[in-house]
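Coordinate inspection notes
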Amino acid sequence: MIDRVGGFVWYELLTTDRRSAAAFYAEIVGWTTKDASTAELAYTLLNAADAPVAGLMALPEEGVRMGATPRWLGYVAVDDVDAKAAHIGLLGGAILVSPTDSNIGRIAVVADPQGATFALVTGLTYGRSQPGGSDEPGRVGWHELLAADRSRIFAFYGELLGWQQASPENDPASVYELFSAAGRTVGGMLTKLPSVPHACWLHYFNVDDVGAAARRVHAGGGRILQGPIELPDDCWILRCVDPQGGLFALQGTWDQKSSAPEVSWSASWDGMTSKGRMVLRKPKR
């Protein structure tokens, strides 16, 4: 893989318990782990089929003191981090971590004008062999922006990163706007409801079976916030939170005929609250 300028190329989990988080996601998504620490930084690689997909590190103590909570951070490849960071302020965004050389390349952590955080990277060290847009288990298959106001945020990403609207019809009344990055449709944007406290990015990890993954989330101490929800093309999604509080999502098929125990869930997402039980019944012989 080359850097795919303008597209998401790397993901990082900042958490308060590296060991537990690594074990949780290994069980849920199937990632294997590899230590990639340096003298300055404890760092864990999360691999799918022996290819690095994401990194895991401790949430900086300074961030914790300022009220930061565990979260996933998506990195977008750019040709010049310093130049893009300088452009951020002109577009109404903010620089949270100034351009710096790191273990994964030259990076900057930024926020869009509505407060959703993401990162920029040039010369990515890891993930270069990951095929772009793969639907294989363990890859990141979708990106979703929960914006304060979707209708007013797209211009920022279009100007900064060259993203384009990918929805079949540019309907102002639509609640979901697809976007393309580096020539591929890779995600969507929607306006969050007031019950969601902050604008944020949500990343979807591919799994073989959403039902089986839901049971693993439950058993591993995570929570299902919403789902399973059926989408077109036999795709199901779950929106979840890990035991340390990091938001993530899962997508894949759902074999409802497989033998499985009942999983209870309580969903509160985007202002919608519901309770129920997901039951996967043993197939009849």
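A quick note: this is a predicted structure, and the numbers were derived from the prediction, not measured.

What the protein contains, in helices and strands, is five helices and 18 strands. Relative to its full complement of 285 residues, the protein shows a buried share of 49%. In the protein, the share of contacts with a sequence separation of at least 24, taken over all contacts with a separation of at least 6, comes to 62%.

The buried fraction of strand S13 (residues 200-209) amounts to nine of the 10 residues, a majority that puts the element mostly inside the structure. Judged from the six bridges that link them, strand S9 (residues 140-147) and S13 form a sheet pairing that is antiparallel. Bridged to Glu144 within S13 is Leu202. As judged from the four bridges shared by S13 and strand S16 (residues 247-253), these two strands associate in the parallel manner. Residue pairing in the sheet places Asn206 in a bridge with Gln251 of S16.

Further remarks concern the pattern of salt bridges. Enumeration according to the criterion identifies five salt bridges in this entry. Between Glu136 and Arg139 there is a salt bridge, with the nearest N and O atoms lying 3.8 Å from each other. By relative accessible area, which is 40% here, Glu136 ends up partly exposed. One salt-bridge network, in which partners are shared between bridges, spans Asp82, Asp101 and Arg106.

Let us look at the environment of Gly220. Within the secondary structure, Gly220 sits in the loop between helix H5 (210-219) and strand S14 (223-231). In this view, Gly220 contacts Phe24 and Pro243; residues no more than four positions away in its chain are not counted.

We now examine the side chain of Gln226. Its location among the elements puts Gln226 in strand S14. A distance of 2.7 Å separates a polar atom in the side chain of Gln226 from a polar atom in the side chain of Arg239.

A few words now on the nonpolar core. In this structure, Trp72, Phe118, Tyr157, Trp163, Phe248 and Leu250 are the most contacted members of the largest nonpolar core, which totals 54 residues. Broken down by element, this core gets its largest block of residues, six residues, from helix H1 (residues 18-29). Setting aside chain neighbours within four positions, we find Leu250 in contact with Ile28, Val29, Tyr204, Phe205, Val207, Ala213, Val217, Trp236, Ile237 and Leu238.

Moving on, we come to the sheet that holds S13. Read from one edge to the other, the open sheet built from eight strands follows the order S10-S11-S12-S9-S13-S16-S15-S14, with strand pairing classed as mixed. At either end of the open sheet lies a strand with only one pairing partner, and these are strand S10 (164-165) and S14. Contacting S13, S14, strand S15 (235-241) and S16, H5 runs over the sheet at an angle of about 115° to S13.

Time to look at the layout of surface pockets. In this structure, the largest pocket occupies an estimated 1600 Å³ of space. Every residue lining the largest pocket is counted, 49 residues in all, and those nearest its centre are Leu59, Ala68, Thr69, Arg71 and Thr117. For the lining of the largest pocket, the elements supplying multiple residues, two or more each, are strand S1 (8-15), helix H2 (61-65), strand S5 (71-77), strand S6 (94-102), strand S7 (105-111), S13, S14 and strand S17 (263-269). Of the residues that constitute the lining of the largest pocket, the class distribution is 27 nonpolar, 17 polar and five charged.

Attention now goes to the confidence of the model for the protein. Of all residues in the protein, 83% have pLDDT values of 70 or greater, and the mean over the chain is 85. Note on residues 259-285: pLDDT under 50 across the span, and 68 contacts to partners over four residues away in sequence or across chains.

Our focus in this paragraph is the sheet that holds S1. Sheet architecture is open: eight strands sit in the order S2-S3-S4-S1-S5-S8-S7-S6, paired in mixed fashion. Since the sheet does not close on itself, it has two edges, and those belong to strand S2 (32-35) and S6, each with one partner. Each strand of the sheet is rotated relative to its neighbour by a mean of 25°, with strand direction disregarded. Sheet contacts for H1: S1, S2, strand S3 (43-48), strand S4 (51-58) and S5; angle to S4, the most-contacted strand, approximately 150°. Packing against the sheet, helix H4 (residues 154-161) makes contact with S5, S7 and strand S8 (117-122), and its axis sits at approximately 10° to S8.

Rules used throughout
Along each chain, numbering runs from 1 in the same order as the chain's sequence is written. Under the rules for a predicted model, residues below a pLDDT of 70 receive no local features and side-chain atom pairs below 80 are neither given nor counted, while totals for whole chains, interfaces and linings still include all residues. Hydrogens and water are ignored here; the side-chain numbers use all heavy atoms of the structure. Strands are runs of DSSP state E lasting at least 2 residues, helices are runs of H or I lasting at least 4, and numbering of each runs from the N terminus. Residue burial is assigned from relative accessible area. The probe radius is 1.4 Å, only protein chains are included, and a residue is buried under 20% of its type maximum, exposed over 50%, and partly exposed in between. By definition in these notes, contact holds between two residues if any of their heavy atoms fall within 4.5 Å. Should DSSP find at least two bridges between two strands, the strands are taken to pair. By definition here, a salt bridge exists when the distance from a side-chain nitrogen of Lys or Arg to a carboxyl oxygen of Asp or Glu is within 4 Å. In protein, a polar contact requires one atom able to donate a hydrogen and another able to accept it; more generally it is a pair of N or O atoms within 3.5 Å, and residues adjacent in sequence count only if both atoms are side-chain atoms. Among the buried residues, those of types Ala, Val, Leu, Ile, Met, Phe, Trp, Tyr and Cys that are joined through side-chain atoms within 4.5 Å form a nonpolar core. Fitted lines through C-alpha atoms serve as axes, helices being fitted only where they are in contact, and the angles separating the N-to-C directions of these axes extend from 0 to 180 degrees. Of the grid points, spaced at 1 Å and generated over the protein atoms alone, those admitting a 1.4 Å probe that cannot get out make up cavities, while open sets with protein on both sides within 12 Å along at least five of seven lines make up pockets; any residue with an atom within 4 Å of a point is treated as lining. Grid points are joined across faces, edges and corners, and a volume is the space filled by probe spheres set on the points. Under the scheme applied, nonpolar residues are Ala, Val, Leu, Ile, Met, Phe, Trp, Tyr, Cys and Pro; charged residues are Asp, Glu, Lys and Arg; polar residues are all the others, including Gly. The pLDDT value tells you how sure the predictor is about a given residue, anywhere from 0 up to 100.

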